[in-house]
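Residue strings, one per chain:
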Amino acid sequence: MTQMSDFTLATARPLPVIVLADVSGSMSEHGKIDSLNRAITEMITSFAAERAERAEIQVAVITFGAGGARIHTELTSAGKTVWNPMRADGPTPLGDAVEVATRLVEDRQRIPGRAYRPALVLVSDGHPTDANGRASDNWKLPVQRLLESERGGRADRFALAIGDDADEAMLSAFLADPAKSVLRASEAGQIQAFFRWVTMSVTARSRSATPNALLLPPPPDLEADAF
Amino acid sequence: MRSSRRRCGGVGTLRMMGATVPGPHHLQQGQPNQDCWGGYGMRRGHVLVVCDGVGSCPRSRQGSRAACRAAREVMRDASDEVTAASFRDRLVERWLEMVRPGIPSACATTCLVAARWRSGRLLVGGIGDGLAAVVRGGLEARVEIVDGGRGEFGETAALCGRGEEQWWTMRDFDDSRGQHRVLLATDGVANDLVLERLPSLVNWLVERHGADGRRRWRSRMRGMLGRWPTPGSSDDRTLAVMWTMTEGAHG
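Keep in mind that this is a model prediction, so the values were computed, not measured.

## Here's the deal with the pairing of strand β3 (residues 68-77) of chain A
All names here are of chain A.
And step 1. Sheet topology note: the strand β2 (residues 55-65)/β3 ladder contains seven bridges and is antiparallel. Pairing of Val-59 across the sheet is with Thr-76, part of β3.
And step 2. Where β2 hands over to β3, the hairpin turn is made up of two residues, of which Gly-67 adopts a positive phi near 85°.

Structure representation (structure tokens):
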């Protein structure tokens with residue numbers, strides 16, 4: 001017998017989390033890439049275990065390093081995500097990664113209109129370069145395009161600077177929000193603390209009656225979380 | 001819930017049905033439904049209207065109800081030669097009169113409307129998120145989605161004063177043969193519908209349930225909206241349909 005469920009979607013509205021991960025060669029030093037892999041794995045596991053009915057948390061990972069920017073993990077429900085560890089090598093083509101992210105956020109097929117406000121998480125340990133590894137400010141226009149895009153400017157954005165060489169000005173431009181600040185991880189272990197904070201923020205939204213509202217828990221004290 | 005049966009330009013009887021239920025969030029909070037719908041028949045024709053008070057505005061419930069009344073009054077006075085822009089502007093003006101002396105922006109509401117004159121002119125559109133769909137009967141069911149806004153991430157265009165014309169969408173149809181069926185829904189329903197199945201949904205509502213009496217339809221529809229199958233939905237839910245029941249048909 002026909003019923004309303006024949007005409008409705010069977011899944012909750014998606015809440016996309018898109019990670020832009022720096023996998024340049026410098027990330028292979030001091031265990032940074034290993035820590036980032038562990039942090040993202042832990043985040044995906046937490047999302048997959050989340051039983052909130054309000055939203056289906058989805059995860060995509062965009063990497064930028066050797067070979068340019070690419071989608072490392074397609075946007076998928078966290079419960080179905082198959083994680084392949086990232087490897088670090090090559091330059092820091094951040095601008096390309098932001099362009100990939102903007103295309104994804106604006107893609108109405110992959111992120112439908114019913115989706116909740118996406119979260120964009122940028123993690124980097126260095127200064128942006130062009131595809132040949134030369135220092136470049138070619139990230140500025142893509143970041144501007146992201147912020148001016150219909151959806152990108154309204155996304156919930158997070159930024160983590162890893163180590164002293166990270167370009168904090170670039171990460172601040174990505175955040176473009178005076179109420180938020182770039183967090184800095186001086187040790188590899190602090191990367192996981194940052195991602196636990198992101199996880200907490202996203203799961204709080206997914207449990208909320210109004211998941212589009214931004215719920216930002218107090219940022220972690222990364223120094224205290226170091227190990 | 002209201003419904004209307006009126007003779008409709010010689011092609012049959014025009015029917016309008018609708019129902020609304022508060023969403024789980026408002027039920028938990030003990031807050032009233034901010035959605036509202038109305039179906040009104042009058043000398044010139046019929047108007048169906050569905051409104052969703054913007055949750056962040058303190059008097060949006062008042063705004064959504066005022067928009068339904070405004071649509072009725074505009075339809076009462078509008079000939080079938082009124083332009084879509086004039087219909088829209090009159091609705092905005094009438095709504096402003098109704099919500100004042102309050103602050104209009106505190107009463108913001110989406111507003112989806114379908115006006116059908118006895119001549120067969122059908123005007124469908126509105127402002128804000130939700131869904132206004134027109135399905136044409138016959139062998140080729142066609143859906144025109146007249147989506148009145150850019151509702152995403154909890155933000156939507158809304159009826160809140162003058163100067164919002166660019167966010168309105170209005171489209172004219174010739175329904176002189178009574179073949180068009182209109183569905184209006186607030187975002188609490190529209191967000192979870194499979195758009196490819198809209199013609200089937202509209203036809204199911206009309207042909208399977210359209211012959212029900214008013215109370216039976218209300219009871220069924222409230223039950224369906226209350227037991228919404230998509231998980232996670234917390235919004236108020238409102239759905240209304242308008243169609244012409246031709247002679248001899250049961251729906």
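## Notes on helix α5 (residues 190-207) of chain A
And step 1. Here α5(A) spans 26 Å end to end across 18 residues, near enough to the 26 Å set by a 1.5 Å rise per residue.
And step 2. With 14 of its 18 residues buried, α5(A) lies for the most part within the structure.

## As for the sheet that holds strand β4 (residues 119-124) of chain A
Residue and element names in this part refer to chain A.
And step 1. Overall, mixed pairing links the six strands, which are arranged β3-β2-β1-β4-β5-β6 in an open sheet. Strand pairing shows two members of the sheet lacking a second neighbour, β3 and β6 (183-185), which therefore form its edges. On average, each strand axis in the sheet is tilted by 15° relative to the strand beside it, whichever way the strands run.
And step 2. Judged from the five bridges that link them, strand β1 (residues 13-23) and β4 form a sheet pairing that is parallel. Pairing of Ile-18 across the sheet is with Leu-120, part of β4.
And step 3. This element, helix α1 (residues 32-49), spans β1, β2, β4 and β5 (156-162) of the sheet and lies at about 165° to β2.

## Digging into the confidence of the model for chain B
And step 1. Confidence along chain B averages 88 in pLDDT terms, with 90% of residues attaining 70 or more.
And step 2. Note on the complex model: pTM 0.87, ipTM 0.90.

## Details of the packing of helix α2 (residues 94-106) of chain A against helix α3 (residues 140-148) of chain A
Helix-helix packing: each pair is described by the crossing angle between the helix axes and the interaxial distance.
All names here are of chain A.
And step 1. Between α2 and α3, whose axes approach to 8 Å, the crossing angle comes to 20°. Judged by the inter-axis angle, α2 sits roughly parallel to α3. Crossing of α2 over α3 shows left-handed handedness. Listed contacts from α3 to Gly-95, Val-98, Glu-99, Ala-101 and Thr-102 of α2 are Pro-142, Val-143, Arg-145 and Leu-146.
And step 2. Class assignment for the residues of the contact of α2 with α3 results in five nonpolar, two polar and two charged.

Cut-off values and rules
- Residues numbered from 1 in each chain as written.
- Chains lettered and ligands numbered in written order.
- Predicted model: local features only at pLDDT ≥ 70, side-chain atom pairs only at ≥ 80, totals over all residues.
- Pairing = 2+ DSSP bridges.
- Helix = DSSP H or I, 4+ residues; strand = E, 2+ residues; numbered from the N terminus.
- Expected span 1.5 Å × (residues − 1).
- Buried ≥ 20, exposed ≤ 12 C-beta atoms within 10 Å, placed from the backbone.
- Axes fitted to C-alpha atoms, helices over the stretch in contact; angles between N-to-C directions.
- Contact = placed C-beta atoms within 7 Å.
- pLDDT = per-residue confidence, 0-100.
- Parallel < 35°, antiparallel > 145°, perpendicular 65-115°, else oblique.
- Left-handed = near helix turned anticlockwise from the far one by under 90°.
- Nonpolar A, V, L, I, M, F, W, Y, C, P; charged D, E, K, R; others polar.

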